[in-house]
Amino acid sequence: MSLRQFEYALAVAEEGSVTAAAERLRVAQPSVSQQIRGLERELGVSLFTRTPTGLVPTAVGCAFLREAQAAVSAARRARAAARAGAEDLVGEVTVAVQMGFGTRQLPHALAALRRRYPRLEVTVLEEPSSAELERLCRRGTLGLALMAACERSPADAHRLGEEELVVVLAPGHPQLTADRVELRALRAGPWVRFDRDSALDGVLLNALGNSAPATAARVSQTATAVRWAAHGLGATLVTASAVPPGHEHLTRPLSPPLCQPVIAVLRPDTGPAETALLHLLRQQTWSEPATPATPAAPAPVPVS
């Protein structure tokens, strides 16, 4: 087996066809087909099955591709480390964030990193499940992760500050007249919640004493939750930094305040790019509390 075969298999899985994978890799289609067939012969298994919508990985193929991705990422990091000069870094850095974390801070840090190292490619993953984020950290596939808690040693985990959580309400909601909102006042109302295994949904349940609130809808993105709350589907709970511009007047901090720590977890074999990014993240404002917006009479948001 070779890294080239791994890369070909990953491309086929992502594109859903040999033809599209070959175009992306800028190689001839027969070359991709030959490499996949050779890989399957060597492994003694079928990695893909053909469906009406294209090629999809088999169950054993999915397991293989997870390990192949780890191997390819490690190889890219090794190449980047070998090529890195004192003032130039090339290659790929993979960053994962717990959903809702660093929505304002991370782009600033990444922009500064790219200005300094323009040949560096950054991949950012937003992961709703804290358990999956921890698993990815243990596997070593991430260069850096932002999360609320981890089982790593203090040498690898760096506390950056806190993210304060706010509740988002529909225009005209009576609780918008308050500077801060008690969650128990909203316990009976409908909620726009996140996926069941997401960290944010766990925070909401803990804040409500593990009593399941009335659920109007479940979403997988913080921006979607805020917009749906603004359209009157129900309240939602998100980090203050994740509120999209134009919706700040619909947010209220909580009483008592509800915050989550922000921990940057580095891979044990941290490279210079991850170290530089951590330094830039430390320069961001993390602990700034949410400021209660002055009650106003905003224009109503039309329901669509």
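Here the structure is a predicted model, which means the values were calculated and not measured.

Caption draft 1: Structural view of the overall build of the chain. Helix and strand counts for the chain come out as nine helices and eleven strands. When the 304 residues of the chain are sorted by exposure, 46% land in the buried category. A separation of at least 24 residues holds for 74% of the contacts in the chain among residues at least 6 apart in sequence. Summed over its atoms, the accessible surface of the chain is roughly 15,000 Å², and 53% of this surface lies on carbon and sulfur atoms.

Caption draft 2: Representation of the side chain of S198. Relative to the elements of secondary structure, S198 occurs in the loop between β7 (190–194) and α7 (199–207). Excluding anything up to four places from it in sequence, S198 contacts M99, P128 and S129.

Caption draft 3: Here's a closer look at helix α1 (residues 3–15). Under the 1.5 Å per step criterion, the end-to-end length of α1 is 18 Å for 13 residues, consistent within 8% with the ideal 18 Å. G16 occupies a position one or two residues after α1 and carries a positive phi of about 85°.

Caption draft 4: Structural detail: unusual backbone geometry. With an omega of -5°, the peptide bond between S255 and P256 qualifies as cis. With respect to the helices and strands, the residue P256 is situated in the loop between β10 (251–253) and β11 (259–266). In the Ramachandran plot, R26 falls in the positive-phi region, its phi being about 60° despite a non-glycine side chain. Among the secondary structure elements, R26 is positioned in the loop between α2 (18–25) and α3 (29–43). Under the relative-accessibility criterion, R26 is labelled exposed at 78%.

Caption draft 5: Structural context of the confidence of the model for the chain. For the chain, the average pLDDT comes to 83, and 87% of its residues sit at 70 or higher. The least confident element of the chain, judged by mean pLDDT, is helix α6 (residues 130–139) at 73; the most confident is β10 at 95. Predicted confidence is poor over residues 288–304, with pLDDT under 50, and the contacts of this stretch with residues over four places away or in other chains come to 21 contacts.

Caption draft 6: Region of interest: helix α8 (residues 222–230). Restricting attention to buried positions, one finds in α8 the residues T222, A225, V226, A229 and A230. Mapping the buried residues of α8 onto a view down its axis gives an arc of 135°, with all of them on the same face. On the buried face of α8, the contacting elements are β4 (120–127), β6 (157–168), β7, α7, β8 (214–219) and β9 (236–239). G232 lies just past α8 and shows a positive phi near 90°.

Caption draft 7: View of the packing of helix α5 (residues 105–116) against helix α9 (residues 272–282). Across the interface, α5 lies against α9 with an axial gap of 9 Å and an inter-helix angle of 130°. One element, α5, and the other, α9, form an angle in the oblique class. Note that α5 runs across α9; the crossing there is right-handed. Of the residues in α9, those in contact with L106, A109, L110, A112 and L113 of α5 are A273, A276, L277, L280 and L281.

Caption draft 8: Structural context of the side chain of T236. Relative to the helices and strands, T236 is located in strand β9. Look at T236 and you get buried, because its relative accessible area is 0%. A distance of 2.8 Å separates the side chain of T236 from the backbone oxygen of V192, its partner in a polar contact.

Caption draft 9: Expanded view of the packing of aromatic side chains. By the definition in use, this model includes one aromatic pair. For the ring pair F6 and F64, a centre distance of 5.4 Å and an interplane angle of 80° mean the geometry is edge-to-face. Placement of the pair is F6 in helix α1 and F64 in helix α4 (residues 59–83), with a sequence separation of 58 residues. By relative accessible area, F6 is classed as buried at 13%.

Caption draft 10: Inspection of the pairing of strand β2 (residues 54–57) at higher detail. The pairing of strand β1 (residues 48–51) with β2 spans four bridges and is classified as antiparallel. Bridging from a neighbouring strand, R50 pairs with L55 of β2. Turn length for the β1-β2 hairpin, with the two strands adjacent in sequence and antiparallel, is two residues.

Caption draft 11: Broad picture of the nonpolar core. Grouped together as the largest cluster of nonpolar side chains are 29 residues, with contacts concentrated most on V167, W191, F194, L237 and V238. When contributions to this core are tallied by element, the ones reaching two or more residues are β6, β7, α7, α8 and β9.

Caption draft 12: Quick look at the environment of A74. You can see A74 is positioned in helix α4. The sequence separation of A74 and E92 amounts to 18 residues, and the corresponding C-alpha distance is 9.9 Å.

Caption draft 13: Seen up close, the pattern of salt bridges. Counted by the stated rule, this structure contains seven salt bridges. A salt bridge links E14 to R24, with the shortest nitrogen-to-oxygen separation between them at 2.5 Å. One end of the pair, E14, is in helix α1; the other, R24, is in helix α2, and ten residues separate them in sequence. According to the relative accessible area criterion, R24 is partly exposed, its value standing at 41%. Residues E15 and R24 are paired through a salt bridge, measuring 3.2 Å at the closest nitrogen-oxygen approach. When its relative accessible area of 33% is taken as the criterion, E15 is described as partly exposed. In this structure, a network of salt bridges that share partners links the residues E14, E15 and R24.

Analysis parameters
Residues numbered from 1 in each chain as written. Predicted model: local features only at pLDDT ≥ 70, side-chain atom pairs only at ≥ 80, totals over all residues. Heavy atoms only, no water. Helix = DSSP H or I, 4+ residues; strand = E, 2+ residues; numbered from the N terminus. Buried < 20%, exposed > 50% of the residue type's maximum accessible area, 1.4 Å probe, protein only. Contact = heavy atoms within 4.5 Å. Areas by Shrake-Rupley, 256 points an atom, 1.4 Å probe, with all protein chains shown as cover. Expected span 1.5 Å × (residues − 1). pLDDT = per-residue confidence, 0-100. Arc of directions from axis to C-beta. Axes fitted to C-alpha atoms, helices over the stretch in contact; angles between N-to-C directions. Parallel < 35°, antiparallel > 145°, perpendicular 65-115°, else oblique. Left-handed = near helix turned anticlockwise from the far one by under 90°. Polar contact = N/O pair within 3.5 Å; in protein donor to acceptor, adjacent residues only side chain to side chain. Phe/Tyr/Trp six-rings, centres within 6.5 Å; stacked < 30°, edge-to-face > 60°. Pairing = 2+ DSSP bridges. Core = buried A, V, L, I, M, F, W, Y, C linked by side-chain atoms within 4.5 Å. Salt bridge = Lys/Arg side-chain N within 4 Å of Asp/Glu carboxyl O.

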